[in-house]
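Listed here are the chains, written in short residue letters.
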2 protein chains.
Amino acid sequence: MKVEIWSDVVCPWCHIGKRRFEAALAQFPHREQVEVEWKAFELDPHATSAPAGQPADRAGYAERLAAKYGSDLAGAQQMIDTMTAQAAAEGLDFRFDRAVRANTVDAHQVIHLAGLRGVQDAVKERLLRAYFTEGEGVGDRDTLVRLAAEVGLDADEVRAVLDEQRYVGAVRADEAEAQALGISGVPFFVVDRRYGVSGAQPAEAFVEVLERAWAERSPLVMAAGGSGDGTVCGPDGCSV
Amino acid sequence: MKVEIWSDVVCPWCHIGKRRFEAALAQFPHREQVEVEWKAFELDPHATSAPAGQPADRAGYAERLAAKYGSDLAGAQQMIDTMTAQAAAEGLDFRFDRAVRANTVDAHQVIHLAGLRGVQDAVKERLLRAYFTEGEGVGDRDTLVRLAAEVGLDADEVRAVLDEQRYVGAVRADEAEAQALGISGVPFFVVDRRYGVSGAQPAEAFVEVLERAWAERSPLVMAAGGSGDGTVCGPDGCSV
């Protein structure tokens, strides 16, 4: 069974939703047969990253929120408090006061590389923690190289990927797929390309959809049956 | 709609099947909405490539077939004649007398790169023609770099991919997926992870499965509906 999760590194509900999904997976008996893939979604493709080492940029998350969404400061602060409390309930220490604004196209490229190298979940988790708890600049290349290397990627390879912008196309492909599937907000979970779950739902909701999808999982329906396996090549040669 | 095709570069029915599938696609009214992805399958992962520039290795395809599969030479030649005739009927010029034996793990890595760069079909086609018609050594790295560059890949990038063996993991992942889906011979076509078509079926069979899958295509079923889009972040901010 395959679960694809569209998500951004700077998306609070994505980190909270990841914990809830993990809780569901931990109690799902067939978890060993579940493959998870993290897909790219940029909340704001036009975001600029704060310059490295400028702590001034770290302040004012509530002000930025209020300005961006036209709410007042109190409303923005209330939103932050709610998300911080929900995060705490999942064992996450959200420190919006430290958050450094970032464009995430580079982070998503590193996460794509991590998928190829078998350490995608570790890298995704590391970057979320860096942004939400540690106040790291996840739009900064040196920072990304350091963080990715901490959890198993090769620093030189990460740097080469970012220098060449090697996986921009893969990020854009994920985003085009999201659009084709009608995904406008994240986190968004897709199970076997059949079931969609929008948002950081409670763990029970994820358990339910995993169980439903598992019960209904089906082998491929073999179409064009007449000639069957007529003309194939396999390890033992080609049929004629 | 997505069609994934497991295939090898040295698989005769894969080249013939590609033409038949293309013929089906050409007459399918919704072809613009069909995405094709070429997936790796090695007929013989232990194959050794003939040394570059050794024309002696080019001879004796029938002998190699006969030895490998324990048939007699006449039987092997008959198999070759049948496949050559079927290929000719699809406009392909199979020259088994020129074929250079090759391990294809590097070719599959180049095809994976081509997928990331948006030229996968062109590269797949170029390598098939090189092997079946032109007697090129598709297990040879210099040859792969040259052929891939002819159809739009960057020669330096192809060389770097092969030097680093960058996408071996992706090739193995394709093969593991094939195994999970019960695919033991190629070509094998999977439509929307729902329908499977084994072998180089006639074009009409592909048209039929494309039409069936199109009629049954469904948007995602939204599960865990209660809280709906409760807690997501989108371009306009996060809900609380």
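From a predicted model like this one, the values you see are computed outputs, not experimental measurements.

(A) Molecular detail of the relation of the copies chain A and chain B. Once chain A is rotated about the relating axis by 180° and shifted along it by 0.0 Å, it coincides with chain B to within an RMSD of 0.0 Å. The relationship between the two copies is best expressed as a two-fold rotation axis. Considering only C-alpha atoms, the part of chain A nearest the rotation axis is Arg193 of chain A, at 4.1 Å. With an isologous cut-off of 70% or more, the 100% of interface residues of chain A that recur at the interface of chain B puts this contact in the isologous class.

(B) Quick look at the pairing of strand S3 (residues 188-191) of chain A. Residue and element names in this part refer to chain A. Side chains Phe188 and Val190 of S3 all project onto a buried face; the interleaved residues Phe189 and Val191 project onto the opposite face, where all are buried too. Pairing of strand S1 (residues 2-7) with S3 involves four bridges; the strand directions are antiparallel. Looking across to S3, one finds that Glu4 is bridged to Val190. In terms of strand pairing, S3 meets strand S4 (residues 195-198) through four bridges, oriented antiparallel. Bridge assignment links Val190 to a residue of S4, and that residue is Gly196. Linking S3 to S4, which pair antiparallel, is a turn of three residues; within it Asp192 sits at a positive phi near 50°.

(C) The interface of chain A and chain B, seen in detail. Taken together, the contacts link 53 residues of chain A with 54 residues of chain B. Looking at the side of chain A that touches chain B, the elements that each hand over two or more residues are helix H1 (12-26), helix H3 (73-89), helix H8 (168-180), S4, helix H9 (203-216), strand S5 (221-222), strand S6 (233-234) and strand S7 (237-238) of chain A. Class assignment of the residues belonging to the side of chain A that touches chain B gives a composition of 30 nonpolar, 15 polar and eight charged.

(D) Local environment of the packing of helix H6 (residues 141-150) of chain B against helix H7 (residues 155-164) of chain B. Residues and elements named next belong to chain B. Running from amino to carboxyl end, H6 crosses H7 at an angle of 145°, the nearest separation of the two axes being 9 Å. Relative to H7, H6 is oriented so that their crossing is right-handed. Residue-level inspection shows Arg141, Leu144, Val145, Ala148 and Ala149 of H6 in contact with H7, the latter providing Ala155, Val158, Arg159 and Leu162. Its residues placed into classes, the contact of H6 with H7 shows seven nonpolar, no polar and two charged.

(E) View of the environment of Ala88 of chain B. Residue and element names in this part refer to chain B. Mapped onto the fold, Ala88 is located in helix H3 (residues 73-89). You can call Ala88 exposed: it has 12 C-beta atoms within 10 Å. Residues Ala88 and Ile16 lie 72 residues apart in sequence; the distance between their C-alpha atoms is 9.1 Å.

(F) Region of the structure containing the sheet that holds strand S2 (residues 35-40) of chain B. In spatial order, the strands read S5(A)-S4(B)-S3(B)-S1(B)-S2(B); together these five strands make up an open sheet with mixed pairing. Each end of this open sheet is capped by a strand with a single partner; those strands are S5 of chain A together with S2 of chain B. Sheet analysis places S5 of chain A next to strand S4 (residues 195-198) of chain B, joined by two bridges and oriented parallel. Considered in S4 of chain B, the bridge of Met222 of chain A is made with Gly196 of chain B. Against the sheet, helix H9 (residues 203-216) of chain B makes contact with strand S3 (188-191) and S4 of chain B, and its axis sits at roughly 175° relative to S4 of chain B, the strand it touches most.

(G) Quick look at the sheet that holds S1 of chain A. Sheet architecture is open: five strands sit in the order S2(A)-S1(A)-S3(A)-S4(A)-S5(B), paired in mixed fashion. Two strands in the sheet have a free side with no partner beyond their single neighbour: strand S2 (35-40) of chain A together with strand S5 (221-222) of chain B.

(H) The nonpolar core, seen in detail. Formed by 140 residues in total, the largest nonpolar core has its most connected members in Val110 and Tyr131 of chain A together with Val110 of chain B. Dropping the residues within four chain positions of it, Val110 of chain B is found in contact with Val123, Leu144, Ala148, Val158 and Val161 of chain B.

(I) Quick peek at the environment of Glu63 of chain A. Along the chain, Glu63 of chain A falls in helix H2 (residues 61-69). Sequence separation between Glu63 of chain A and Leu73 of chain A is ten residues; the distance between their C-alpha atoms is 6.2 Å.

(J) Summary view of the confidence of the model for chain A. Per-residue confidence for chain A averages 92 on the pLDDT scale, and 94% of its residues sit at or above 70. For this predicted complex, the interface score ipTM comes out at 0.85, alongside a pTM of 0.87.

Rules of the game
- Residues numbered from 1 in each chain as written.
- Chains lettered and ligands numbered in written order.
- Predicted model: local features only at pLDDT ≥ 70, side-chain atom pairs only at ≥ 80, totals over all residues.
- Least-squares fit on C-alpha atoms with pLDDT ≥ 70 in both.
- Contact = placed C-beta atoms within 7 Å.
- Buried ≥ 20, exposed ≤ 12 C-beta atoms within 10 Å, placed from the backbone.
- Helix = DSSP H or I, 4+ residues; strand = E, 2+ residues; numbered from the N terminus.
- Pairing = 2+ DSSP bridges.
- Nonpolar A, V, L, I, M, F, W, Y, C, P; charged D, E, K, R; others polar.
- Axes fitted to C-alpha atoms, helices over the stretch in contact; angles between N-to-C directions.
- Left-handed = near helix turned anticlockwise from the far one by under 90°.
- Core = buried A, V, L, I, M, F, W, Y, C linked by C-beta atoms within 7 Å.
- pLDDT = per-residue confidence, 0-100.

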